[in-house]
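Summary of the model geometry
The primary structure of each chain is shown beneath.
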Amino acid sequence: MPETVNPPARLLMGPGPVNADPRVLRAMSAGLVGQYDPAMTGYMNETMALYRGVFRTDNEATLLVDGTSRAGIEAAIVSLVAPGDRVLVPIFGRFGHLLAEIATRAGADVHTIETEWGTVFAPEQIEEAVARVQPKLLAVVHGDTSTTLAQPLDALGAIAARHGALFYTDVTASLGGNRFEADEWGVDAATAGLQKCLGGPSGSAPITLSDAAVARIAERSSVEAGIRVEDDLVLADPIRSNYFDLGQILEYWGPRRLNHHTEATSMLYAARECARLLVEEGMDAAVERHRIHGGAMVAGVAGLGLSIFGDQRYRMHNVVGVEIPGEVDGERVRSALLHDFAIEIGTSFGPLHGRIWRIGTMGVNARRDAVLATLAALEQVLRAEGAPVVAGGGVGAALDWYDGEGAE
């Protein structure tokens, strides 16, 4: 018989997942109740209200999709896009390709524009493409951890609106650690996950939908047999996924409590606690915490004599791309960090695989001791590999950064 689950202690300093906040793990251990128990529906309503604070929105349709962050992405796209609809995806990293892949599988007429990994788009580049393609949906990743950069979004909602498109963004890697303003920026749909700046485990996908997005979904919503009543719509061409049908999920979370699935109770507890902790801290304070500790990590790796990847004007607060020195084997360094120091950092994908490491400072790991321990361990491993690092340069530069920021 296998033994009980007893994972090794790790400090997860990669691009996600990161260590879950202990308070989130404790919330997950709470007892189960029935899905229509007043306590449960009360927790659902509280979760909706909390995530309005996290997304910075007044959208009533702010809830959870049960599943990983990709579940939220797929639910948004398959529910907003009918077969044949034009979708525009600006791609600046691996996860833009994912949006295009999901939209293609949903039957959309997908158009893409691409820029070199390590750069982002200017708003006028996106507007030119929107004017040319005339999409029904503009789908953009906010922070793409494959490149560690964040695409500025503040002008894109207005661009989409001028051309009659809805604006969707994947904020899985950015929400909670970087400024995000759903209402102010004109975002129609945004989806996230818990496993990065929100400080929880993967498995629940927060989502917020504008009134315009809800209206688009309602046009395509069809209640399944066995639970529909006489006045419910039955469409010949409904939303193509049953599980990810946001029309029915909205009815489940709404006053009708129309049965769609059994809510993942322990994950709801986790998602609720992630949002509660962020709202309690204050979203501006959480973003500033990620900025300070992410900046310390950047200063530290530069202090070791390592090069930073990508246009740093657009770097996410919570993850940095580090060029792997030519003298070392990048995977051997990662293995030594894990084996000798129990610290995990990430590699990357596609054209950046084997070229950069990705080091994250997010969620509960966006803190001083985690940054300093990672830098100290990285220095020792690099020295053992023969890399010409600056002795004490990483920790020293990070401490100087903290002193300059007046951070404890």
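Our subject is the structure that appears above.
Residues numbered from 1 in each chain as written. Predicted model: local features only at pLDDT ≥ 70, side-chain atom pairs only at ≥ 80, totals over all residues. Heavy atoms only, no water.

1. Digging into the sheet that holds strand β2 (residues 61-66)
Note the following rule: Strands are labelled as partners when DSSP assigns at least two bridges between them. Secondary structure elements are taken from DSSP: a helix is a run of H or I of four residues or more, a strand is a run of E of two residues or more, and numbering for both begins at the N terminus. Convention adopted: a line fitted to C-alpha atoms gives each axis, helices being fitted over their contacting stretch, and angles between N-to-C directions are expressed from 0 to 180 degrees. Contacts were defined at the residue level, with two residues in contact if any of their heavy atoms lie within 4.5 Å.
Pairing in this open sheet of seven strands is mixed, and the strands run β2-β10-β9-β8-β5-β3-β4 from one edge to the other. One side of each edge strand has no neighbouring strand; the edge strands of this open sheet are β2 and β4 (109-114). Between one strand and the next, the sheet's axes are offset by a mean angle of 20 degrees, whatever the strand orientation. Inspection of the sheet shows strand β3 (residues 86-91) paired to β4 by six bridges, in the parallel sense. Residue pairing for β4: isoleucine 91 is matched across the bridge by glutamate 114. Across the face of the sheet, helix α2 (residues 38-55) comes into contact with β2, β9 (189-191) and β10 (204-209) while running at roughly 105 degrees to β2.

2. Observations concerning the packing of helix α3 (residues 69-80) against helix α4 (residues 94-105)
Note the threshold: The labels follow the angle: roughly parallel below 35 degrees, roughly antiparallel above 145, roughly perpendicular from 65 to 115, and oblique for the rest. Working rule for handedness: look at the near helix, and if it is turned counterclockwise from the far one by less than a right angle, call the crossing left-handed; if clockwise, right-handed. Residues are grouped as follows: nonpolar covers Ala, Val, Leu, Ile, Met, Phe, Trp, Tyr, Cys and Pro; charged covers Asp, Glu, Lys and Arg; every other residue, Gly included, is treated as polar.
Where α3 meets α4, the axes come as close as 9 Å, and the angle between the chain directions of the two elements is 45 degrees. When the axes of α3 and α4 are compared, the pair comes out oblique. Seen along the crossing, α3 lies across α4 with a hand that is right-handed. In contact with Arg70, Ile73, Glu74 and Ile77 of α3, α4 contributes Arg94, Leu98, Leu99, Ile102 and Ala103. Classifying every residue of the contact of α3 with α4 by side-chain character gives six nonpolar, no polar and three charged.

3. What about the packing of aromatic side chains?
Worth spelling out the cut-off: Two rings from Phe, Tyr or Trp (for Trp, the six-membered ring) form a pair when their centres are within 6.5 Å of each other. A pair whose planes differ by under 30 degrees is stacked, one over 60 is edge-to-face, and the rest are tilted. For every residue, the accessible area (1.4 Å probe, protein chains only) is compared with the maximum for its type, and the residue is labelled buried under 20%, exposed over 50%, or partly exposed between those bounds. Throughout this description, the term charge over a ring refers to an Arg CZ or Lys NZ atom that lies within 6 Å of the ring centre and within 35 degrees of the ring normal.
Within the structure shown, the criterion is met by seven aromatic pairs. Here the aromatic rings of phenylalanine 55 and phenylalanine 180 are separated by 6.4 Å at their centres, their planes lie at 70 degrees, and the arrangement is edge-to-face. Highlighted residues: phenylalanine 55 in helix α2 and phenylalanine 180 in the loop between β8 (166-170) and β9, separated in sequence by 125 residues. This pair shows no difference in class: phenylalanine 55 is buried, exactly as phenylalanine 180 is. Members of the aromatic cluster, connected to one another through ring pairs, are Tyr51, Phe55, Phe180 and Trp185. Here arginine 94 stacks its cationic end above the ring of phenylalanine 349, 4.6 Å away from the centre of that ring.

4. Observations concerning the environment of leucine 149
As for its placement among the helices and strands, leucine 149 is situated in strand β7 (residues 149-150). You can call leucine 149 buried: its relative accessible area is 0%. It is 6.9 Å that separates the C-alpha atoms of leucine 149 and glycine 118, two residues lying 31 residues apart in sequence. In this structure leucine 149 touches Phe92, Gly118, Thr119, Val120, His142, Gly143, Asp144, Asp311, Tyr314, Arg315 and Met316, once residues within four positions along its chain are discounted.

5. Overview of empty space enclosed by the protein
The probe, sized like a water molecule, is rolled over the atoms to show the empty space still left. Cut-off, in case you're wondering: Definitions used throughout: a 1 Å grid over protein atoms alone; a cavity as a set of points that fits a 1.4 Å probe which cannot get out; a pocket as an open set with protein on both sides within 12 Å along at least five of seven lines; a lining residue as one with an atom within 4 Å of a point. Grid points are joined across faces, edges and corners, and a volume is the space filled by probe spheres set on the points.
Scanning the model with the defined rule gives one cavity of 30 Å³ or more in all. Taken together, Val65, Asp66, Tyr243, Ile249, His260 and His261 make up the lining of the largest cavity. Residue composition of the lining of the largest cavity, grouped by class: three nonpolar, two polar and one charged.

6. Quick look at helix α10 (residues 283-303)
Here is the rule: Expected helix span is taken as 1.5 Å per residue step, with the number of steps being one fewer than the number of residues.
Here α10 is 21 residues long and its end C-alpha atoms lie 30 Å apart, about the 30 Å a rise of 1.5 Å per residue gives. Immediately beyond the C-terminal end of α10, within one or two residues, lies glycine 305, with a positive phi of roughly 95 degrees.

7. Here's the deal with α3
Its 12 residues place the ends of α3 17 Å apart at the C-alpha level, agreeing with the 16 Å of an ideal helix rising 1.5 Å per residue. Burial analysis of α3 places 10 of its 12 residues in the buried class, the great majority of the element. Buried within α3 are the following residues: Ser69, Ala71, Gly72, Ile73, Ala75, Ala76, Ile77, Val78, Ser79 and Leu80.

8. Description of the layout of surface pockets
Of the voids in this model, the largest pocket is the one considered here, and its volume is about 390 Å³. Lining of the largest pocket is provided by 24 residues; of these, Arg94, Phe95, Thr145, Gln195 and Lys196 occupy positions nearest its centre. Those elements that provide at least two residues to the lining of the largest pocket are α3 and α4. Per-class residue counts for the lining of the largest pocket are eight nonpolar, nine polar and seven charged. Of the voids in this model, the second largest pocket is the one considered here, and its volume is about 310 Å³. In terms of lining, the second largest pocket is formed by 16 residues, of which the most central are Glu60, Ala61, Leu250, Gly254 and Pro255. Residue assignment for the lining of the second largest pocket shows that the elements contributing at least two residues are α2, β2, α7 (211-220) and α8 (246-253). Looking at the lining of the second largest pocket, its residues break down into eight nonpolar, two polar and six charged.

9. Thoughts on the pattern of salt bridges
This is how the line gets drawn: Whenever a carboxyl oxygen of Asp or Glu lies within 4 Å of a side-chain nitrogen of Lys or Arg, that contact is scored as a salt bridge.
A full pass over the atoms with the stated rule returns 23 salt bridges. Between aspartate 109 and arginine 86 there is a salt bridge, and its shortest N-O distance comes to 3.8 Å. Here aspartate 109 is found in strand β4, whereas its partner arginine 86 is found in strand β3, with 23 residues between them in sequence. By relative accessible area, aspartate 109 is classed as partly exposed at 32%. For arginine 86, a relative accessible area of 38% corresponds to the partly exposed category. With a closest N to O distance of 3.4 Å, arginine 179 and glutamate 181 form a salt bridge. Judged by its relative accessible area of 9%, glutamate 181 falls in the buried class. What you see here is one network of salt bridges that share partners, running through Arg56, Arg179, Glu181, Glu184 and Asp284.

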